[in-house]
Amino acid sequence: MLRLRLFAALVLSACMAEPAAAEDIPQPREPIALVIDRHIAAAIATAEVIPATQADDATLIRRLTLDLVGRIPTTAEVESYVNSTDPDKRGKLVDRLINSPGYARHQATLFEVMFNPAGDRRGGNAALRQYLADAVQENKSWDRVFREMLLPDQSDTKLKGAAEFLRARVADADKMTIDVSVAFFGVNVSCAQCHHHPNVEEWTQDHFYGMKAFLARTFDNGGFLGERGYGTVKFKPTKGPERVAKMMFFTGTTVDTGATSAEPNADMVKKEKEVLDKAKAGKTPPPLPGFSARTQLVEVALRDANADYFAKNIVNRMWHRYFGSGLVNPLDQLHSENPASHPELLESLARDLAQNRYDLKRLTRGLVMSQAYSRSSKYDSTSLPDSRLFAVAQLKPMTPQQLATSLKIAATDPATLTGKPEEVEKKLEQLESAARGFANLIAQPTDNFQVGVGEALLFSNGDRVFKDFLTENSGTTLARAKAMKEPRQAVEFLVRTALGRSPTDDETTALLAYVEKRSGREAEAYRQVLWALITSPEFRFSY
Amino acid sequence: MPRISFCGSADHAVNRRAFLGSAAAGGVSLAADMTAINALAAPAVNGALKNNQKRVILLWLAGGASQLETWDPKPGASTGGPFRAIPTDVPGLHISELMPKMASRMKTTCVIRGLNTKNGDHGSGAQLMMRGRRDEAGLKYPDMGAVIAREMGLLESKVPDYVAFYTQTEGRGFAPGDSGFLGARYAPMELTTNNVPEFVRKLDGISELDHEERAGLRTLLSKEFARGRSSETLSSQNEAYQRVRGIMASEKLFDISQESQKVRDRYGPTQFAEQVLIARRLVEAGVPFVRVARAWWDSHGQNFETHQEMVPELDHIMATLLDDLAERGLADDVMVLTLAEFGRTPGINASLGRDHFASAWSMTISGCGIKGGSVYGKTDAKGNKVTHEEVDAGTLLATIYAALGINPHKNYYLGARPLPLVNPGIDAIQAVLK
């Protein structure tokens with residue numbers, strides 16, 4: 001019954017997804033986190049469910065560290081956070097993490113996967129990732145990242161990586177159209193390629209080919225992204241004769257292409273070829289044509305109400321990154337017939353982002369400072385509230401790099417990860433790079449991700465797992481455990497190092513019994529205890 | 001980020017009415033979360049199938065075997081090549097003289113001669129034949145191995161669900177097994193370097209008892225964690241670890257030295273023969289789907305030498321496998337398929353080769369619910385065109401599913417979107433079903 005009522009509420013709010021009223025726009029004095037909590041709490045109240053309690057400190061620092069910098073916290077970090085009595089310790093932790101170099105690296109890895117979800121995952125596109133890491137480091141506004149990726153300044157070596165997203169797609173203009181639309185606007189127009197979109201009245205073939213017209217003139221000129229000053233996209237509609245696509249954004253805004261849509265004459269073609277050949281020979285980026293369709297796309301996409309797609313898409317994706325699912329799901333179905341779980345909240349956050357120069361760091365801080373973010377993932381009742389209420393935190397499988405780096409940290413003697421912050425940071429960065437190879441063996445999680453038996457076999461019998469994480473070389477967790485006199489002490493140490501908490505009584509009993517049964521070969525027993533800890537779901541997931 | 005489109009249009013072969021009906025129904029239970037694969041929630045029902053569980057061995061003729069030198073010879077035609085056609089135990093049915101052993105066993109087998117699959121590219125052709133349809137932008141379909149693994153596999157199976165051998169390097173990258181939207185649970189165990197899968201053997205540094213008991217510790221820790229938490233991803237990790245010991249125990253299935261020398265001699269000494277023997281051991285132990293790839297049939301030059309060498313090996317191994325299965329009482333439970341990404345051109349090129357050809361080619365199905373001795377489809381005198389009973393990739397998969405007792409119109413659900421095993425409007429070929 002409750003569920004029915006909730007559904008009705010969601011449907012109602014979806015129907016009323018009018019532009020937010022003025023009072024819903026966050027005022028300067030209302031922090032993003034409070035806006036989030038107000039909307040989330042209202043829906044929870046309407047649904048008459050009880051949300052999960054707030055997560056404890058040890059859980060929260062683990063979640064924040066994994067989400068913001070892509071690794072588990074060290075034992076020292078956990079202890080200092082848990083023991084701190086500072087009322088603003090959470091805010092300070094978030095600030096420390098969000099301004100650390102690990103933040104830029106981790107976020108760049110996530111963005112690179114977002115841009116190349118089906119790409120060669122063996123390390124991904126390193127040049128694009130480097131560009132993105134620099135962009136996050138400098139906290140470039142998201143609209144600037146969009147500009148730089150669509151209109152890359154290829155003469156600047158530091159920005160050249162930005163061109164890789166388009167350059168990898170020049171051979172297939174359809175794919176470029178779909179991927180640009182999905183990544184930046186949350187819109188998968190592939191349905192409209194062959195027919196009018198069945199669910200979304202406003203999307204027709206004109207919209208797919210309209211987007212394609214902006215991108216179809218783009219090509220590769222000797223390793224640089226180039227663009228022709230002419231060229232049209234023709235398509236055969238489901239009804240009627242073939243026609244030429246107008247350059248048109250999803251909202252229906254069209255761009256006057258002037259004379260550039262006419263067939264180029266031989267002279268124009270020849271002149272352009274000369275310019276392009278010269279650039280190719282000189283190994284320099286070709287100049288943009290007088291009328292650049294891509295420039296037009298960037299302009300039109302950020303103009304006035306058109307920017308709604310751009311802003312909502314990135315808000316939804318950032319929400320998904322921290323909450324485990326989007327306000328709109330799937331992420332590439334941002335349209336009127338697939339309403340957000342909290343339409344007004346999405347509207348507010350998007351507006352706030354646009355008004356604050358698309359500052360993702362500001363948005364991120366707001367998301368992770370909310371009470372909604374810091375709820376427990378445990379819910380002691382048989383009927384779990386609907387996940388779209390965000391009343392209980394969702395489990396998030398670690399990404400390959402998160403898992404590999406975290407395994408390295410769990411395998412490293414925590415005593416070597418204390419001391420001067422900059423030295424610890426450096427050591428953690430080394431562990432992260434050392435983990436890259438192992439990360440390639442792990443599957444990239446998607447929505448509905450399932451762990452395959454291949455991963456379980458790798459961890460159970462792979463030589464690599466043993467060598468990378470379970471040796472007793474000096475400086476390892478196991479070397480430290482081996483040096484301990486009392487098994488009880490060693491077992492508690494292992495649990496704390498791997499899971500960032502003390503063992504429960506039941507766990508201590510079981511783990512100790514396991515070790516005592518192996519009296520005389522405790523070191524081996526500790527290795528197996530550590531194996532059980534790092535393969536447990538508590539390690540595998542962000543919870 | 002995954003890209004799942006769910007536009008639900010008939011143009012992408014999804015029934016809009018079913019989509020809407022399901023979405024509405026989903027609303028009541030609030031199940032319309034667009035990202036949940038609800039169909040994966042309860043694979044336990046498969047347990048009921050245990051007693052009539054069907055299994056499949058796919059002999060994958062990678063690179064594209066020639067239909068003219070196997071199942072659809074055209075002796076005497078300008079395109080026919082040097083080999084004769086010979087009569088079989090099925091009156092009126094002739095096959096290539098390179099297949100004398102199968103010629104006396106065609107009563108076990110159905111030949112589909114009218115394949116017109118319209119894709120002459122190794123990679124996308126192989127994907128098409130394995131999946132029965134093209135992927136949509138943002139939606140990867142599971143291949144038949146993954147579908148059969150899901151339909152016939154047991155939740156807590158002690159054996160792998162889907163095993164794929166592909167040892168030769170030519171063309172291996174073109175058609176990896178792919179579980180598509182069904183996820184890693186149904187991904188194939190791929191064997192590419194030797195006949196024993198990776199990581200099924202315990203490392204020397206740990207004893208059998210320790211290996212087993214540390215898994216017990218893991219289970220204990222995971223139970224503690226699972227209290228008050230419920231998620232499909234979480235369950236998948238525990239299921240994966242629960243299957244490890246069973247799969248390790250299945251290592252001996254990959255060891256043909258467990259077979260008598262007599263049986264091994266019967267299959268023969270080649271790698272293909274050994275892998276097919278392993279496949280027989282696997283299906284006997286309950287593995288739902290095994291693909292054994294034999295490469296490389298891509299005879300752009302010297303087509304006749306290639307086939308003179310490779311077809312008799314296929315003939316011998318296929319005949320041996322069918323005999324062996326029948327002797328073990330498995331003929332009704334194990335299906336054997338011969339299939340490739342396409343066939344070869346009737347026209348013979350200047351290098352005495354045949355090129356890629358997807359317009360009129362053949363494959364075979366033996367066992368389970370298929371009518372042995374049947375022939376479906378007819379090509380013209382030179383083998384250029386299908387003249388009767390044309391079959392596309394979707395129809396072929398529908399027929400295979402139906403012969404295994406799987407309803408090809410059954411839906412999986414991706415969120416609210418129903419995804420039938422084959423595209424709507426496609427049906428099994430009733431004429432070849434028992």
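Just so it is clear, the structure is predicted and the values come from calculations on it, not from any experiment. (Residues numbered from 1 in each chain as written. Chains lettered and ligands numbered in written order. Predicted model: local features only at pLDDT ≥ 70, side-chain atom pairs only at ≥ 80, totals over all residues.)

## Some points on the overall build of chain A
1) Next: Counting secondary structure elements, chain A contains 26 helices and eight strands.
2) Next: Counting only C-alpha atoms, chain A reaches 85 × 60 × 45 Å along its principal axes.
3) Next: For chain A, with 543 residues in total, the buried portion stands at 49%.
4) Next: The long-range fraction of contacts in chain A, counting pairs at least 24 apart against all pairs at least 6 apart in sequence, stands at 69%. (Helix = DSSP H or I, 4+ residues; strand = E, 2+ residues; numbered from the N terminus. Buried ≥ 20, exposed ≤ 12 C-beta atoms within 10 Å, placed from the backbone. Contact = placed C-beta atoms within 7 Å.)

## Some words on unusual backbone geometry
1) Next: Asn-329 of chain A connects to Pro-330 of chain A through a cis peptide bond whose omega is -10°.
2) Next: For Pro-330 of chain A, the position within the fold is in the loop between helix H14 (307-323) and helix H15 (343-355).
3) Next: Between Ala-295 of chain B and the following residue, Trp-296 of chain B, the backbone shows a cis peptide bond with an omega angle of 20°.
4) Next: Its location among the elements puts Trp-296 of chain B in the loop between strand S7 (289-295) and helix H9 (303-327).
5) Next: Although it is not a glycine, Lys-283 of chain A adopts a positive phi angle of roughly 50°.
6) Next: By the element assignment, Lys-283 of chain A lies in the loop between helix H12 (266-281) and helix H13 (293-302).
7) Next: The phi dihedral of Glu-389 of chain B falls on the positive side, at around 55°, and the residue is not glycine.
8) Next: Locating Glu-389 of chain B in the fold gives a position in the loop between strand S14 (386-388) and helix H10 (393-403).
9) Next: The exposure class of Glu-389 of chain B is partly exposed, given the 15 C-beta atoms found within 10 Å.

## A look at the packing of helix H25 (residues 522-534) of chain A against helix H5 (residues 208-226) of chain B
1) Next: It is at 8 Å that the axes of H25 of chain A and H5 of chain B come closest, and there the two elements cross at 40°. Here H5 of chain B runs oblique to H25 of chain A, going by the angle between their axes. The two elements H25 of chain A and H5 of chain B cross, and the hand of that crossing is right-handed. For the pair H25 of chain A and H5 of chain B, contact is made by Gln-528, Val-529, Trp-531, Ala-532 and Leu-533 of chain A and by Asp-210, Arg-214, Leu-217, Arg-218 and Leu-221 of chain B, respectively. (Axes fitted to C-alpha atoms, helices over the stretch in contact; angles between N-to-C directions. Parallel < 35°, antiparallel > 145°, perpendicular 65-115°, else oblique. Left-handed = near helix turned anticlockwise from the far one by under 90°.)

## Observations regarding the sheet that holds strand S4 (residues 109-115) of chain B
Residue and element names in this part refer to chain B.
1) Next: Strand order in the open sheet formed by eight strands is S6-S5-S7-S1-S8-S11-S4-S12, with mixed pairing between adjacent strands. With partners counted over all chains shown, the strands left at the sheet margins are strand S6 (189-191) and strand S12 (375-376), one partner each.
2) Next: Here strand S1 (residues 55-62) runs beside S7; their pairing, made up of seven bridges, is parallel. Residue Trp-60 lies in a different strand from S7, and its bridge partner there is Ala-293.
3) Next: The strands that helix H8 (residues 271-284) touches are S1, strand S5 (162-165), S7 and strand S8 (334-339); relative to S7, the one it contacts most, it runs at about 175°. (Pairing = 2+ DSSP bridges.)

## Focus: H12 of chain A
1) Next: Look at H12 of chain A: 22 Å from first C-alpha to last across 16 residues, which is about the 22 Å you get at 1.5 Å a residue.
2) Next: Phi turns positive one or two residues past the end of H12 of chain A, at Lys-283 of chain A, with a value near 50°. (Expected span 1.5 Å × (residues − 1).)

## Some points on the pairing of S5 of chain B
Residue and element names in this part refer to chain B.
1) Next: The side-chain alternation of S5 yields two buried faces, one formed by Tyr-162 and Ala-164 and the other by Val-163 and Phe-165.
2) Next: Examined bridge by bridge, S5 and S7 share four bridges and lie parallel to one another. Across the sheet, the residue bridging to Tyr-162 is Phe-289, located in S7.

## Some words on helix H20 (residues 453-461) of chain A
1) Next: The element H20 of chain A is extensively covered by neighbouring structure, given that eight of its nine residues are classed as buried.
2) Next: Burial in H20 of chain A covers these residues: Val-453, Gly-454, Glu-455, Ala-456, Leu-457, Phe-459, Ser-460 and Asn-461 of chain A.
3) Next: On its buried face, H20 of chain A sits against helix H21 (463-469) of chain A together with helix H6 (232-249) of chain B.

## Looking at the confidence of the model for chain B
All names here are of chain B.
1) Next: With 87% of its residues at a pLDDT of at least 70, chain B reaches an overall mean of 87.
2) Next: Throughout residues 1-51 the model reports pLDDT below 50, and contacts reaching past four residues in sequence, or to other chains, amount to 117 contacts.
3) Next: Overall fold confidence for the complex sits at a pTM of 0.83, while the interface term, ipTM, reaches 0.89. (pLDDT = per-residue confidence, 0-100.)

## Overview of the environment of Gly-145 of chain B
All names here are of chain B.
1) Next: Summarising the element assignment, Gly-145 is placed in helix H4 (residues 144-152).
2) Next: The exposure class of Gly-145 is buried, given the 26 C-beta atoms found within 10 Å.
3) Next: For the pair Gly-145 and Tyr-162, spaced 17 residues apart in sequence, the C-alpha separation works out to 6.2 Å.
4) Next: For Gly-145, the residues in contact, after removing those within four places along its chain, are Tyr-162, Ala-164, Gly-177, Pro-188, Phe-289 and Arg-291.

## Quick look at the nonpolar core
1) Next: Of all hydrophobic cores here, the largest spans 164 residues; its most connected members are Leu-494, Val-529, Leu-530 and Leu-533 of chain A together with Ile-57 and Val-292 of chain B.
2) Next: With residues near it in sequence (within four places) discarded, Ile-57 of chain B still touches Ala-279, Val-283, Val-290, Val-292, Leu-321, Val-334 and Val-336 of chain B.
3) Next: Core analysis: the second largest hydrophobic core is formed by 97 residues, Phe-185, Leu-297, Phe-310 and Ala-372 of chain A among them. (Core = buried A, V, L, I, M, F, W, Y, C linked by C-beta atoms within 7 Å.)

## Regarding the environment of Arg-150 of chain B
1) Next: Within the element layout of this structure, Arg-150 of chain B appears in helix H4.
2) Next: Taking the number of C-beta atoms within 10 Å as the measure of exposure, Arg-150 of chain B has 25 and is therefore buried.

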